[in-house]
Amino acid sequence: MKVLVVERDPTYSRASTVLSIGGIRQQFSLPENIQMSRFSASFLRNINEHLGVPNEPPIDVQFQPSGYLFLAPLERAAGLEATVRLQREEGAQVALLSPTQLKEKFPWIDTEDVAVASYGLQDEGWFDPWTLLHAFRHKAMSLGVLSCAGEVRGFVTSASDAMVPQGSAAVTARIRYVHVHMPDSREYQPVACAIVINAAGAWAGELLGAAGLPGELCQPPLPIQPRKRYVFSWHCPDGPGFSCPLLVDTTGAYFRRDGIAGNYLGGMSPTEEEEPDAGDLSVDHDFFQEQVWPRLARRVPAFSSLRLRSAWAGYYDYNTFDQNGVLGPHPKLDNLFLAAGFSGHGLQHAPAAGRAIAELVLRGRYESLDLRRLGWQRLEEGKRLEEDGVV
Ligand SMILES: Cc1cc2nc3c(=O)[nH]c(=O)nc-3n(C[C@H](O)[C@H](O)[C@H](O)COP(=O)(O)OP(=O)(O)OC[C@H]3O[C@@H](n4cnc5c(N)ncnc54)[C@H](O)[C@@H]3O)c2cc1C
């Protein structure tokens, strides 16, 4: 088997992976998301077994163990408690803290409107996304995977060889060639293929829509879009110390420690109505001043006197349907698989998603985790997989 990775931006300057904040948590409300996080946590713990290359230095993803701390007001307290019960059933170690316990453990938090908090005790924290990406790439190349700097711009299909039940009006096809546009060239390189995996992140929907496929093969469209998200970095010498968790406020604003010198990273997803234009990756500093900072300073009074250091923006690979990944075979293109749309949690789920797709390709079924519910079918049936823990 020959595997070719086609990447249009080999520096990954706009890839969500390297613009993320590197977090992993067990605290989700969907069993599949919890299971994927558990898989990925174990993968990261044993990363040298999985991605180590003989005679090369060991991989250090700089994992910083630290729980996520979700705060809930009274009206969301019962929901958070129910979610924690599910997380525990799935094997995650998560504590529920009353406001008094919260104040004892994290005295720097203003707990006034907090009814309950959930705090991850194991397998949560953050790591260096660039190191993980590089380790995946390096391991793949060491095993003979080929890579090419180019952009996939089209698919050439032919009628499917697959058996269609008699009387069925289903239209299916196979991708025979992928058209790769090489830099500094006006020509497309046709690449013959047996299997195609669309892992184009925030651009996975755009790629499928622009691939020159006959209309009936593209319905419904893949609802994945780039949505711009800012990360702000600030300094606050009097801020929370080493035990600082990744705190997700009742308002949706979040932050975590960045090193041990009084630096922090944080941000917040805007409301649907206030989504910024995703045309470029410029940063709206007013968003920090007007939206993020007041919320954080209200929760952590020490942050009233912080100093903003820098900021960047990246794209969530945002699934507008239900903000969860779309994983598995395409319903109409027999040899196309999808692994995209994980919205704000795709980095931590990458090891599990990669494993899942490998199992589908090689064995024709999921073996490690049953992720069928993340498949395309839910888009066709209009059945959302609700995840309460989207940050
Ligand atoms: C600010 C921010 C914070 C985040 N924080 C976290 C977090 O803490 N934890 C977490 O788990 N997730 C987080 N995420 C989400 C996470 O980064 C993404 O879900 C994940 O990185 C997606 O990985 P990917 O490989 O699918 O996409 P990407 O990393 O974007 O990779 C897709 C690649 O496809 C290439 N490509 C696209 N179209 C084509 C084409 N037509 N031809 C060739 N190449 C193409 C792109 O150049 C890109 O390099 C965050 C995201 C952002 C923006």
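Cut-offs and rules
- Residues numbered from 1 in each chain as written.
- Predicted model: local features only at pLDDT ≥ 70, side-chain atom pairs only at ≥ 80, totals over all residues.
- Heavy atoms only, no water.
- Helix = DSSP H or I, 4+ residues; strand = E, 2+ residues; numbered from the N terminus.
- Rg over C-alpha atoms; globule rule 2.2 N^0.38 Å.
- Buried < 20%, exposed > 50% of the residue type's maximum accessible area, 1.4 Å probe, protein only.
- Contact = heavy atoms within 4.5 Å.
- Areas by Shrake-Rupley, 256 points an atom, 1.4 Å probe, with all protein chains shown as cover.
- Lys, Arg positive; Asp, Glu negative; His and termini not counted.
- Charge placed at Lys NZ, Arg CZ, Asp CG, Glu CD.
- Pairing = 2+ DSSP bridges.
- Axes fitted to C-alpha atoms, helices over the stretch in contact; angles between N-to-C directions.
- Domains from an automatic or database assignment.
- Buried area = accessible area lost by both parts, 1.4 Å probe.
- Salt bridge = Lys/Arg side-chain N within 4 Å of Asp/Glu carboxyl O.
- Polar contact = N/O pair within 3.5 Å; in protein donor to acceptor, adjacent residues only side chain to side chain.
- Nonpolar A, V, L, I, M, F, W, Y, C, P; charged D, E, K, R; others polar.
- Phe/Tyr/Trp six-rings, centres within 6.5 Å; stacked < 30°, edge-to-face > 60°.

## Observations regarding the overall build of the chain
- Looking only at helices and strands, the chain features 10 helices and 19 strands.
- Whereas a compact globule of 391 residues would reach a radius of gyration of roughly 21 Å, the chain reaches 22 Å, a difference of no more than 12%.
- By principal-axis analysis of the C-alpha atoms, the chain measures approximately 65 × 45 × 45 Å.
- Expressed as a percentage of the 391 residues in the chain, the buried residues total 48%.
- Of all intrachain contacts in the chain linking residues separated by at least 6 positions in sequence, the fraction that spans at least 24 positions is 72%.
- Of the roughly 18900 Å² of accessible surface on the chain, a fraction of 51% belongs to carbon and sulfur atoms.
- The chain carries 36 positive and 46 negative side-chain charges, and their two centres are separated by 4 Å.

## A closer look at the sheet that holds strand E12 (residues 196-198)
- Taken in spatial order, the three strands line up as E12-E19-E18 in an open sheet, and their pairing is mixed. Of all strands in the sheet, those bounded by a partner on one side alone are E12 and strand E18 (326-329). Taking the axes of each pair of neighbouring strands and ignoring which way they run, one obtains an average angle of 20 degrees across the sheet.
- As judged from the three bridges shared by E12 and strand E19 (residues 336-340), these two strands associate in the parallel manner. Residue pairing across strands places Asn198 opposite Leu338, the latter belonging to E19.
- On the sheet, helix H9 (residues 346-363) packs against E12, E18 and E19 and is oriented at approximately 15 degrees with respect to E18.

## Description of the domain arrangement of the chain
- As assigned here, the chain comprises domain 1 (1-67 + 123-223 + 320-391), domain 2 (73-107 + 114-120) and domain 3 (228-319).
- Computed over C-alpha atoms only, the centres of domain 1 and domain 2 are separated by 32 Å.
- Taken together, the contact between domain 1 and domain 2 spans 11 residues of the former and 10 residues of the latter.
- Both sides of the domain 1 and domain 2 interface together cover about 840 Å² of buried area, and 54% of this is carbon and sulfur.
- When the buried area of domain 1 at its contact with domain 2 is split by residue, Gln27, Ile34 and Arg38 rank highest and sum to 50% of it.
- For the pair domain 1 and domain 2, the interface holds zero salt bridges.
- Linking domain 1 with domain 2 are five residue pairs in polar contact (both at pLDDT 80 or more).
- Classifying every residue of the side of domain 1 that touches domain 2 by side-chain character gives three nonpolar, five polar and three charged.

## With respect to the packing of aromatic side chains
- According to the stated counting rule, one finds 18 aromatic pairs in the structure shown.
- Aromatic pair Phe106 and Tyr119: ring centres 5.4 Å apart, planes at 80 degrees, arrangement edge-to-face. Residue Phe106 is located in the loop between helix H5 (99-105) and strand E6 (116-120), and its partner Tyr119 is located in strand E6; the two are separated by 13 residues in the primary sequence.
- Considering the side-chain rings of Phe288 and Trp293, the 6.2 Å spacing of their centres and the 15 degrees angle between planes classify their relative orientation as stacked.
- Note on Phe288: relative accessible area 0%, which makes it buried.
- Here Trp293 falls in the partly exposed class, since its relative accessible area comes to 22%.
- A connected cluster of aromatic rings, assembled from ring pairs, spans Phe106, Trp108, Tyr119, Tyr230, Phe232, Trp234, Phe255, Tyr264, Phe287, Phe288, Trp293 and Phe303.

## Quick look at the pairing of strand E10 (residues 173-181)
- Pairing of strand E9 (residues 151-159) with E10, which is carried by eight bridges, proceeds in the antiparallel orientation. Bridged to Ser158 within E10 is Arg174.
- As defined by bridge partners, E10 adjoins strand E11 (residues 188-192) across five bridges and the pair is classed as antiparallel. Within the sheet, the bridge partner assigned to His179 lies in E11 and is Pro190.
- Counted between consecutive antiparallel strands, the loop separating E10 from E11 contains six residues, among which Asp184 sits at a positive phi close to 55 degrees.

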